[in-house]
Amino acid sequence: VQLVQSGGGLVQAGGSLRLSCAASGGTFSRYTMGWFHQTPGLEREFVAAIKYNEYTDYAESVKGRFTISRDNAKNTVYLQMNSLKPEDTGVYYCAARIYSTIETQGESYHYWGQGTQVTVSS
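Note that this is a predicted model, so its numbers are computed, not measured. (Residues numbered from 1 in each chain as written. Predicted model: local features only at pLDDT ≥ 70, side-chain atom pairs only at ≥ 80, totals over all residues. Heavy atoms only, no water.)

Visitor: Help me out: how do you make sense of the nonpolar core in this one?
Guide: Across soluble globular proteins, nonpolar side chains show a tendency to be buried alongside one another. In terms of nonpolar packing, the biggest core is built from 33 residues, with Met33, Trp35, Leu79, Met81 and Tyr92 touching the most fellow members. At the level of elements, strand 3 (17-24), strand 4 (32-38), strand 5 (45-50), strand 7 (66-71), strand 8 (76-81), strand 9 (90-97) and strand 11 (116-121) are the ones that each hand at least two residues to this core. Tallying contributions element by element places strand 5 first for this core, with five residues. Sequence-distant contacts of Leu79, that is, excluding residues within four places in its chain, are made with Leu17, Arg18, Leu19, Trp35, Val47, Ala48, Phe66, Thr67, Ile68 and Tyr92. (Core = buried A, V, L, I, M, F, W, Y, C linked by side-chain atoms within 4.5 Å. Buried < 20%, exposed > 50% of the residue type's maximum accessible area, 1.4 Å probe, protein only. Helix = DSSP H or I, 4+ residues; strand = E, 2+ residues; numbered from the N terminus. Contact = heavy atoms within 4.5 Å.)

Visitor: Is there a simple way to think about the state of the cysteines in this case?
Guide: Disulfide: a covalent bond formed between the sulfur atoms of two cysteine residues. This structure, assessed with the given rule, holds one disulfide. Cys21 shares a disulfide with Cys94; S-S distance 2.0 Å. Torsion about the S-S bond of the Cys21 and Cys94 cystine: about 55°, corresponding to right-handed handedness. Of this pair, Cys21 sits in strand 3 while Cys94 sits in strand 9, placing them 73 residues apart in sequence. (Disulfide = S-S within 2.5 Å.)

Visitor: For this particular structure, what's the right way to read the pattern of salt bridges?
Guide: Any two side chains of opposite charge can pair, given that their charged atoms come close. This model, assessed by the stated rule, comprises three salt bridges. Across the pair Arg65 and Asp88 runs a salt bridge whose closest N-O atoms are separated by 2.8 Å. In this pair, Arg65 sits in the loop between strand 6 (56-58) and strand 7 while Asp88 sits in the loop between strand 8 and strand 9, placing the two residues 23 residues apart along the sequence. The same class applies to Arg65 as to Asp88, namely buried. Linking Glu103 and Arg97 is a salt bridge whose minimum nitrogen-to-oxygen distance equals 3.9 Å. Given the relative accessible area of 29%, Glu103 is considered partly exposed. By relative accessible area, Arg97 is classed as buried at 9%. (Salt bridge = Lys/Arg side-chain N within 4 Å of Asp/Glu carboxyl O.)

This is the structure we're talking about:
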């Protein structure tokens, strides 16, 4: 399974960005997909995840601001990020978990995208 990310960039605080993650190989529609955030010197933190049935879960810090969605016809998962804050700055990774449960620990995911930088200026 290969995950290729796009989107990201530089935005002012309060702005929006959308990240995309396209999967190839495997059975995308069955996977739980997740997004993680990493800042230098820290471990990757859970942001959001979506199950095959579109059940979602979010970190408290992004609830009400971020939305995860998926398009199984396009083998793609999205992360819409609104009301961005400087503390949202970092590298965002998409990840695929071959099991149907949502997990918030990175080690529970089996495949990873290449990462994309998001920078939110104050």
